[in-house]
Amino acid sequence: MWAKCALIGVLCGLCSSVSANTTDAPLAPPRIALILPLRSDTLGRAAEAVRAGFQAAWERDRGDATLTVIETGDSSKEILSVYAEAVAGHDIVVGPLSRTDVTALALSRIVNIPTIALTQPDISIETDGTLPRNLLVIGLSLEDEARQAARWAGSGKKSARALVLSTTATWQRRAAHAFAGQWQQAGFEAQSVELPTSGGYFSANAIALLKKRIQSDKPTLLFLALDATQARQLRSALGSDLPPMYGLSQLNPLVPQDADSNRLSELDGVRLLDLPWQIALAHPAVMIYPRLLDSAEQKRSADLERLYALGIDAFRIAREIGLRHTDFDLDGVSGKLHVSFGNGATRFERTALQAVYRDGVVVPLNADH
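These numbers come from a predicted model, not from an experiment.

Chemist: Just checking my understanding: could you explain the pattern of salt bridges for this structure?
Modeler: Oppositely charged side chains may form a pair once their charged atoms are brought near each other. The full count for this structure, using the stated rule, is 17 salt bridges. Its salt-bridge partner being arginine 147, residue aspartate 144 comes within 2.7 Å of it at the nearest N-O pair. One end of the pair, aspartate 144, and the other, arginine 147, are both in helix α6 (residues 142–154), 3 residues apart, so they sit about a helical turn from each other. Judged by its relative accessible area of 37%, aspartate 144 is partly exposed. Owing to a relative accessible area of 26%, arginine 147 belongs among the partly exposed residues under this scheme.

Chemist: Looking at this structure, how should I read the layout of surface pockets?
Modeler: The probe, sized like a water molecule, is rolled over the atoms to show the empty space still left. Roughly 820 Å³ of internal volume is contained in the largest pocket. The wall of the largest pocket is formed by 26 residues, among which Leu97, Thr119, Leu140, Leu142 and Leu307 lie closest to the centre. At the level of secondary structure, the elements contributing two or more residues to the lining of the largest pocket comprise α2 (44–61), α6, α7 (170–185) and α12 (302–322). No other element matches α12, which puts 5 residues into the lining of the largest pocket. Each residue belonging to the lining of the largest pocket can be placed in one class, and the counts come to 10 nonpolar, 9 polar and 7 charged.

Chemist: What is the right way to read the packing of helix α8 (residues 204–217) against helix α9 (residues 228–238) from this model?
Modeler: Each pair of packed helices gets described by two things: the angle between the helix axes and the distance between those axes. Where α8 contacts α9, the axes come no closer than 10 Å and their chain directions differ by 65 degrees. Every pair of crossing elements has a handedness; the one defined by α8 and α9 is right-handed. Here Ile207, Leu210, Lys211 and Ile214 of α8 lie close against α9, whose contacting residues are Leu234, Ala237 and Leu238. Along the lines of polarity and charge, the residues of the contact of α8 with α9 split into 6 nonpolar, no polar and 1 charged.

Chemist: It is not clear to me how helix α3 (residues 76–89) should be interpreted in this structure. Could you clarify?
Modeler: Because each turn of an α-helix spans 3.6 residues, side chains separated by three or four positions in sequence point in the same direction. Spanning 14 residues, α3 covers 21 Å between terminal C-alpha atoms, matching the ideal 20 Å at 1.5 Å per step. Among the residues of α3, Ser76, Ile79, Val82, Tyr83, Ala86 and Val87 are the ones counted as buried. Buried residues of α3 fall within an arc of 140 degrees about the axis and therefore sit on the same side. Opposite the buried face of α3, at more than 90 degrees from it, the exposed residues are Lys77, Glu85 and Ala88. Those residues of α3 that are buried lie in contact with β2 (31–36), β3 (66–71), β4 (92–94), α4 (99–108) and β5 (115–117). N-cap assignment for α3: the residue whose side-chain oxygen lies 3.2 Å from the backbone N of lysine 77 is serine 75.

Chemist: How should I be thinking about α9 in this particular structure?
Modeler: Every buried residue of α9 is listed here: Ala228, Gln230, Ala231, Gln233, Leu234, Arg235 and Leu238. Taken together, the buried residues of α9 touch β7 (161–166), α7, β10 (201–202), α8, β11 (221–224) and β12 (245–247). Where α9 starts, the residue carrying a side-chain oxygen 3.2 Å from the main-chain nitrogen of threonine 229 turns out to be aspartate 227. Taken from the residues just after α9, glycine 239 is the one with a positive phi, measuring 90 degrees.

Chemist: Is there a simple way to think about the side chain of glutamine 233 in this case?
Modeler: Relative to the assigned elements, glutamine 233 resides in helix α9. Using a relative accessible area of 17% as the deciding quantity, one classes glutamine 233 as buried. Side-chain polar atoms of glutamine 233 contact the backbone nitrogen of phenylalanine 202, separated by 3.3 Å. Sequence-distant contacts of glutamine 233, that is, excluding residues within four places in its chain, are made with Gly200, Tyr201 and Phe202.

Chemist: Would you mind going over the confidence of the model for the chain with me for this structure?
Modeler: Taken residue by residue, the chain gives an average pLDDT of 90. The fraction at 70 or more is 89%. The low-confidence segment residues 1–20, where pLDDT is below 50, has 34 contacts with residues more than four positions distant or belonging to other chains.

Chemist: Which parts of the structure should I look at to understand the sheet that holds β12?
Modeler: Each strand in a sheet pairs with its neighbour through backbone hydrogen bonds, running either in the same direction (parallel) or in the opposite one (antiparallel). An order of β8-β7-β11-β12-β13-β17-β18 is seen for the 7 strands of this open sheet, with the pairing classed as mixed. Only two strands of the sheet have a single neighbouring strand rather than two, namely β8 (189–194) and β18 (361–364). Ignoring which end each strand starts from, the neighbouring axes of this sheet average 30 degrees apart. Pairing between strand β13 (residues 271–274) and strand β17 (residues 353–358): 4 bridges, direction antiparallel. Its bridge partner being in β17, arginine 271 is matched across the sheet by valine 356. Contacting β11, β12, β13 and β17, α6 crosses the sheet at an angle of about 135 degrees to β13.

What counts and what doesn't
- Residues numbered from 1 in each chain as written.
- Predicted model: local features only at pLDDT ≥ 70, side-chain atom pairs only at ≥ 80, totals over all residues.
- Heavy atoms only, no water.
- Salt bridge = Lys/Arg side-chain N within 4 Å of Asp/Glu carboxyl O.
- Helix = DSSP H or I, 4+ residues; strand = E, 2+ residues; numbered from the N terminus.
- Buried < 20%, exposed > 50% of the residue type's maximum accessible area, 1.4 Å probe, protein only.
- 1 Å grid on protein atoms, 1.4 Å probe; cavity = no way out; pocket = protein on both sides within 12 Å on 5 of 7 lines; lining within 4 Å.
- Points joined across faces, edges and corners; volume = space filled by probe spheres on them.
- Nonpolar A, V, L, I, M, F, W, Y, C, P; charged D, E, K, R; others polar.
- Axes fitted to C-alpha atoms, helices over the stretch in contact; angles between N-to-C directions.
- Left-handed = near helix turned anticlockwise from the far one by under 90°.
- Contact = heavy atoms within 4.5 Å.
- Expected span 1.5 Å × (residues − 1).
- Arc of directions from axis to C-beta.
- Polar contact = N/O pair within 3.5 Å; in protein donor to acceptor, adjacent residues only side chain to side chain.
- pLDDT = per-residue confidence, 0-100.
- Pairing = 2+ DSSP bridges.

Right under this line is the structure:
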């Protein structure tokens, strides 16, 4: 599983590119606190995946950095108390994990050391521009994926019409809205359709109406703010005579170890975005970190794999910040990352891999991976 030391050294050089924006003062080993809801009934498994990824990266790349893992439950009040205590004895805090807790922290006015939030706050906070300057938000965002998908799908087009499909699920509505907004910003036309479901299935009437609309409106493409099960139903019901289809990482429920034995041939040709950790096993950074260990009690999960990848890159970002790098790029396991932090406006960008279903498996379109 592990590469030889010499090869690892070469690969590490390929995985990050750091600017010269650093301070000249002597560097003390960074003390990192990782705050996760490991005692939460709802977020415990997700938190454990992030912890495992973060610790795997720390154990491989820590140098002199120290790590303290702090367990919490679901209470935002507890999060603020724990955070205040962590600030007193650490140089960098990583966490929280839930949207509610990140929102509470962003509004608390107690963020006075570098803090790396692991999910997005409420959209109103991002829009209002009230994020503390010491707070860097690096969470996996389906809205960001949707905006990237819109830029990808619209690249090189002078005019185009997209039909944006979702259900009433909150994450799907958010993704559909983000795609439509980015698409319209580029000067294109977008029309959104929310498909009703019952018992996890689309109604025959809804499918018939959608098929008729596609035939009459002739959209340039379909954007699927759906999961893989829903997309398979839709593709099977609508037939093969369809415009190009684009979607998000949620269209890929497969983990690399199981992909060959669980092919989704109904989705062949569908384009989507996903993380290098999921679909690019020859990626330099992916090769040098251990995979998430299987659990006898838990089925393998693509979403947990993505959170494990987030944990790996969270440590790598924390390490660069600990080295006082203020503007840097990482070829991460969760995507190509750009970070500006500690010297002017804080900015984080993640670019996922463009991919397509071929023979029932998601493969990257980028030849470099």
